[in-house]
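# Understanding the architecture of this molecule
Chain by chain, the residues:
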Amino acid sequence: MRRLLAGLSAGAFLLAATACGSSGGGSSGKGTSSGGTTTVKVGLIPIVDVAPLYLGQKKGFYEKQGLKLSLTLASGGAAIVPAVASGQDQFGFSNVFSLMLAQTNGVALKAISNGVASTGLQGRDFGATLVKKDSSIKTAKDLEGKKVAVNTLKNIVELSVRESVQKAGGDPDKVKFVEIPFDQMAAALDKGQVDAAMAVEPALTTIKDQGGREIASSLVDVAPDLTVAMYFTSQQYAKQNPDVVNRFRTATAQSLAYADSHPDEVRQIVATYTKVPATVLARITLPKWPADANRASIETQAKLGEGFGFFKKSPDLDTLLP
């Protein structure tokens, strides 16, 4: 989500969260309790992905589980990962690839609930690699030797473009990746600063509005029904507060299911915590919010990450995932 998701504005729909953070040896970070209700701090980025939590809070799903959410907003995961690892926040939201990166760098995290997923539909996903309308680039293979904008280097967005290139028969090592925030990609592409951009909503719609042409549904290319992000906590908090974690997981699963079946309410509530114009929200492609993470798709991300040299060591998915 410039690192994860960094540098994005409040309205930017982001994907990536940075893996930098502390080692998780901090305080237990117990939520405060009052009258049978436990207040927990949740680190979020103000993007479309987290709409289920806002809806769940509004519908009383967390209240029914005896939880009160204190939502702490950050411009990116660069603040969320260390805040959760140290116990400042009890829960947080991040893309799965960043959680794997964090784990391989010694940050003791535990994913506890699904967060957001690709639609799994070629040409109809909430993320895509695009070029200008008159570009000579026709397929992902043509990106060899070209400049491609990604919001964060060596994270899920770059990974997905690399896989699109690879699947199209090209050499991803011949692509020059340039780090540009999602909300600045449309201008960079229009000015010719880059030849292509891997964007997610609402930047995706913005680029299409200026004539951009999609050449690859890169998230879909990584894996069918790709799990993009999850909610997480520290391993320490999970061990010391299993009941709170289970109640958060239960309410979040209910919130995800509600959001997935009420797209109009999703668009309405996103307008309450982001600056995305209503005219844009009405047209963006929403992601999916399945109750369960797709482990096979996460394993694929880990395998690709190793193959592309993004990891110092292999992620331990049995420890990281629920």
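Anything mentioned here points back to the structure above.
As a starting point, this report considers the structure included with it.

Moving on, we come to the overall build of the protein. A count of helices and strands for the protein gives 14 helices and 11 strands. Looking at the protein residue by residue over its 322 residues, the buried ones come to 57%. As displayed, the protein offers around 12,200 Å² of accessible surface, 48% of which is attributable to carbon and sulfur atoms.

Right, let's get into the sheet that holds strand β7 (residues 147-150). Overall, mixed pairing links the five strands, which are arranged β8-β7-β9-β6-β10 in an open sheet. Looking at the sheet topology across the chains shown, the edges are occupied by β8 (176-179) and β10 (213-216). The sheet shows a mean angle of 35 degrees between the axes of neighbouring strands, taken without regard to direction. As paired strands, strand β6 (residues 127-131) and β10 are joined by three bridges and run antiparallel to one another. Paired with T129 across the strands is A216, a residue of β10. Most of the contacts of helix α5 (residues 156-167) go to β7, to which it runs at about 140 degrees, and overall it touches β6, β7, β8, β9 (196-200) and β10. Sitting on the sheet, helix α6 (residues 182-190) is in contact with β6, β7 and β9, with an inclination near 150 degrees to β9.

Right, let's talk about the packing of helix α4 (residues 96-104) against helix α13 (residues 295-307) for a bit. Interaxial distance between α4 and α13 falls to 10 Å at its minimum, and their mutual angle equals 55 degrees. Judged by the inter-axis angle, α4 sits oblique to α13. Viewed along their axes, α4 and α13 form a crossing whose handedness is right-handed. Counted together, V96, F97 and M100 of α4 and I298, Q301, A302 and G305 of α13 form the full contact between these two elements. The class makeup of the residues in the contact of α4 with α13 is five nonpolar, two polar and no charged.

Taken as a whole and judged by the stated rule, the model has 10 aromatic pairs. With centroids separated by 4.1 Å and ring planes inclined at 5 degrees, the aromatic side chains of F91 and F248 adopt a geometry described as stacked. With F91 in strand β4 (residues 91-95) and F248 in helix α10 (residues 242-261), this residue pair connects regions lying 157 residues apart in the sequence. The same class applies to F91 as to F248, namely buried. Geometrically, the ring pair formed by F97 and F310 is edge-to-face, given 5.9 Å between the ring centres and 80 degrees between the ring planes. Residue F97 is found in helix α4, and its partner F310 is found in the loop between α13 and α14 (317-320); the two are separated by 213 residues along the sequence.

Before going further, it helps to spend a moment on the side chain of T119. Note that T119 resides in the loop between β5 (109-117) and β6. Residue class for T119 comes out buried when judged on its relative accessible area of 13%. At 2.9 Å, the side chain of T119 forms a polar contact with the backbone oxygen of R124. Residues in contact with T119, not counting those within four places in the same chain, are R124, D125, D225, T285, L286, P287 and K288.

Turning our eyes to something else, we now look at the environment of T300. Structurally, the position occupied by T300 is in helix α13. Beyond its immediate sequence surroundings of up to four residues, T300 is in contact with V222 and A223.

Across four bridges, the pairing between β7 and β8 is parallel. Bridged to K147 within β8 is K176. The parallel pair β7 and β8 is bridged by α5, and the resulting crossover is right-handed. Sheet topology note: the β7/β9 ladder contains two bridges and is parallel. Paired with A149 across the strands is A197, a residue of β9.

For the rest of this paragraph, the subject is the environment of A282. By the element assignment, A282 lies in the loop between α12 (278-281) and α13. For A282, a relative accessible area of 55% translates into the label exposed. Each C-alpha atom, one on A282 and one on R267, is 7.0 Å from the other, the two residues being 15 residues apart in sequence.

Before going further, it helps to examine unusual backbone geometry. Where the residue is not glycine, phi is negative for most of them; where a peptide bond is considered, it is trans in most cases. Cis peptide bonds are those with omega within 30 degrees of zero, and the linkage from E201 to P202 qualifies with 5 degrees. Residue placement: P202 occurs in the loop between β9 and α7 (203-209). Look at K154: it is not a glycine, yet its phi comes out positive at around 55 degrees. One can find K154 in the loop between β7 and α5. Under the relative-accessibility criterion, K154 is labelled partly exposed at 43%.

Among the nonpolar cores identified, the biggest contains 104 residues, and F91, F93, M100, L109, L143 and F248 are the most heavily contacted of them. Of all the elements, α10 adds the most residues to this core, at seven residues. Apart from the residues lying within four places of it in its own chain, the contact partners of M100 are I298, Q301, A302, F311, P315, L317 and L320.

So, how was this worked out
- Residues numbered from 1 in each chain as written.
- Predicted model: local features only at pLDDT ≥ 70, side-chain atom pairs only at ≥ 80, totals over all residues.
- Heavy atoms only, no water.
- Helix = DSSP H or I, 4+ residues; strand = E, 2+ residues; numbered from the N terminus.
- Buried < 20%, exposed > 50% of the residue type's maximum accessible area, 1.4 Å probe, protein only.
- Areas by Shrake-Rupley, 256 points an atom, 1.4 Å probe, with all protein chains shown as cover.
- Pairing = 2+ DSSP bridges.
- Axes fitted to C-alpha atoms, helices over the stretch in contact; angles between N-to-C directions.
- Contact = heavy atoms within 4.5 Å.
- Parallel < 35°, antiparallel > 145°, perpendicular 65-115°, else oblique.
- Left-handed = near helix turned anticlockwise from the far one by under 90°.
- Nonpolar A, V, L, I, M, F, W, Y, C, P; charged D, E, K, R; others polar.
- Phe/Tyr/Trp six-rings, centres within 6.5 Å; stacked < 30°, edge-to-face > 60°.
- Polar contact = N/O pair within 3.5 Å; in protein donor to acceptor, adjacent residues only side chain to side chain.
- Right-handed = clockwise from strand over helix to strand, strands pointing away.
- Core = buried A, V, L, I, M, F, W, Y, C linked by side-chain atoms within 4.5 Å.

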